[in-house]
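The lines below spell out each chain.
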Amino acid sequence: MNYLRTAMLLAAMTALFMGIGYMIGGQSGMMIALVIAAAMNVFSYWNSDKMVLRMHHAQEVDERSAPELFNMIRQLSANADLPMPKVYIINNPQPNAFATGRNPENAAVAATTGLLDMLSMEEVAGVMAHELAHIKNHDTLIMTITATLAGAISMLGNFAFFFGGNRDNNNPFGFIGVLVAMIVAPMAAMLVQMAISRTREYAADRMGAEICGQPIWLASALNKIAGGVERIHNPDAEHNPATAHMFIINPLSGERMDNLFSTHPNTANRIAELQKMAAGGMGGGRRGGQRAEPQAKGPWGRTQPHQTQRPKGPWG
């Protein structure tokens, strides 16, 4: 990860936070916003991953409660030369996943029950490899902190409606400043999120394909996830839209086009790039270019008595 770029993006988010404070309360409002932003950066560094997992009601699992998923991630982590992250399952029918954590030593990956039920083990491995790539690239810290700051900026814009128009405060822009804070600030925060997320998804796709060794597994998974996101509503994501850029595919309804207001690149473009990798020889040549077919279905992320043995993958 380019740490200079990361620092610049965090500075941009802090400056935006201060700018909103100035529009609401003048210089005193800007200073208050600076103090809040600094405190949030420190707090987010240590706690933002826990906050995001809590927002989506993620439950930690281990080798006993989710043996196949846990062992899969352990093997993929070894492939990526990463420490074993904490593993979480989100009880949500929409197929999706994300990674979080301030560094590889304090990282976590989360998958929804919808992902585990709808995808084959090979496809799940492709998705988890993508999330591990975000951890290896040190994307998770900036993505998680940005989610926290973007949510705060949107909230501050809402506060402007109630407090910004008061004649007794130091607002130098009056009602115009309030409107800017209400409308422009959340959009600006979204643009910063996109600057962070969109380019990082292609990089994580490439590295994820290398970690699992089969680009077509991830390509097939992206196709299924995109279809599932279109059909299945995700209430937790809708209530916390600032976290949308963290997921492998945008979980929000109506946000899947590759345009100015999308937090993710176009899924078809991502699949095409992965198919090029497969056609180029990674994952067994022509066989790697075939679509990965699902194995037996079911909530295999949870322990079941007398589980049927599934075909083995790179997780052993």
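The structure this text deals with has already been given above.
Right, let's walk through the structure included here.

Attention shifts here to the sheet that holds strand 4 (residues 107-112). In sheet architecture, strand pairing relies on hydrogen bonds along the backbone and comes in two forms, parallel and antiparallel. Across the sheet, which stays open at both edges, the four strands sit in the order 1-2-4-3 with mixed pairing between neighbours. Pairing within the sheet leaves two strands with one partner each, and these edge strands are strand 1 (58-61) and strand 3 (97-101). On average, each strand axis in the sheet is tilted by 30° relative to the strand beside it, whichever way the strands run. Sheet topology note: the strand 1/strand 2 (residues 86-90) ladder contains four bridges and is antiparallel. Bridge pairing in strand 2 places glutamine 59 opposite isoleucine 89. Along the sheet, helix 2 (residues 67-79) contacts strand 1, strand 2 and strand 4; its crossing angle with strand 2, the most-contacted strand, is approximately 140°. Across the sheet, helix 4 (residues 121-136) is in contact with strand 3 and strand 4; its angle to strand 4 comes to roughly 150°.

The biggest cluster of nonpolar side chains holds 46 residues, and the ones touching the most others in it are Leu69, Leu115, Val127 and Met128. With sequence-adjacent residues up to four places away left out, methionine 128 is seen in contact with Leu69, Met72, Ile73, Leu76, Ala97, Val109, Ala110, Ala111 and Leu115. Residues Leu53, Ala58, Tyr88 and Met143 belong to the second largest nonpolar core, which totals twelve residues.

A few words now on the environment of isoleucine 271. Within the secondary structure layout, isoleucine 271 lies in helix 9 (residues 267-279). Separated by 48 residues in the primary sequence, isoleucine 271 and asparagine 223 place their C-alpha atoms 7.5 Å from one another.

What follows covers the pairing of strand 3. Remark: a regular strand shows side chains that alternate across the two faces of the sheet. For strand 3, a buried count of five out of five residues is recorded, marking the element as mostly surrounded by other parts of the structure. Neither face of strand 3 is open: one carries Ala97, Ala99 and Gly101, the other Phe98 and Thr100, and all of them are buried. Pairing between strand 3 and strand 4: five bridges, direction antiparallel. Looking at strand 4, one finds that alanine 97 is bridged to alanine 111. Counting the residues that bridge the hairpin from strand 3 to strand 4 gives five residues.

It is worth spelling out helix 9 at this point. Helix length check: helix 9, at 13 residues, gives a terminal C-alpha distance of 18 Å against a target of 18 Å (1.5 Å per residue), a fit within 8%. Of the residues that open helix 9, the one with a side-chain oxygen 2.9 Å from the backbone nitrogen of alanine 268 is asparagine 266. Looking one or two places after helix 9, you find glycine 281, whose phi comes out positive at around 120°.

Counted according to the given criterion, the structure contains six salt bridges. Put simply, aspartate 205 and arginine 270 hold a salt bridge, and the shortest N to O gap is 2.8 Å. On the criterion of sequence distance, the pair formed by aspartate 205 in helix 6 (residues 174-212) and arginine 270 in helix 9 is long-range, its members being 65 residues apart. When sorted by exposure, aspartate 205 lands in the same class as arginine 270, which is buried. One network of salt bridges, in which partners are shared, links Glu201, Asp205 and Arg270.

We now examine the packing of aromatic side chains. Inspection of the entire model under this criterion finds one aromatic pair. With centroids separated by 5.0 Å and ring planes inclined at 70°, the aromatic side chains of phenylalanine 98 and phenylalanine 247 adopt a geometry described as edge-to-face. Pair noted here: phenylalanine 98 is in strand 3 and phenylalanine 247 is in the loop between helix 8 (235-239) and helix 9, with a separation of 149 residues, a long-range link. No difference in accessibility class separates phenylalanine 98 from phenylalanine 247, as the two residues are buried.

A separate point is a nonpolar patch on the surface. Judged by side-chain polarity, Val42, Tyr45 and Trp46 come together as a nonpolar surface patch covering roughly 310 Å² of accessible area. Note on placement: valine 42 falls in helix 1 (residues 3-55). The class for valine 42 is exposed, based on a relative accessible area of 52%.

This part takes up the environment of serine 77. As for its placement among the helices and strands, serine 77 is situated in helix 2. The class of serine 77 is buried, set by a relative accessible area of 1%. Separated by 51 residues in sequence, serine 77 and methionine 128 have C-alpha atoms that sit 9.3 Å apart. Those residues in contact with serine 77 that lie beyond four places of it in its chain are Leu82, Pro83, Met84, Pro85 and Leu132.

About the thresholds
Residues numbered from 1 in each chain as written. Predicted model: local features only at pLDDT ≥ 70, side-chain atom pairs only at ≥ 80, totals over all residues. Heavy atoms only, no water. Pairing = 2+ DSSP bridges. Helix = DSSP H or I, 4+ residues; strand = E, 2+ residues; numbered from the N terminus. Axes fitted to C-alpha atoms, helices over the stretch in contact; angles between N-to-C directions. Contact = heavy atoms within 4.5 Å. Core = buried A, V, L, I, M, F, W, Y, C linked by side-chain atoms within 4.5 Å. Buried < 20%, exposed > 50% of the residue type's maximum accessible area, 1.4 Å probe, protein only. Expected span 1.5 Å × (residues − 1). Polar contact = N/O pair within 3.5 Å; in protein donor to acceptor, adjacent residues only side chain to side chain. Salt bridge = Lys/Arg side-chain N within 4 Å of Asp/Glu carboxyl O. Phe/Tyr/Trp six-rings, centres within 6.5 Å; stacked < 30°, edge-to-face > 60°. Patch = residues over 30% accessible without salt bridge, like charges linked within 9 Å, V, L, I, M, F, W, Y side chains within 5 Å. Areas by Shrake-Rupley, 256 points an atom, 1.4 Å probe, with all protein chains shown as cover.

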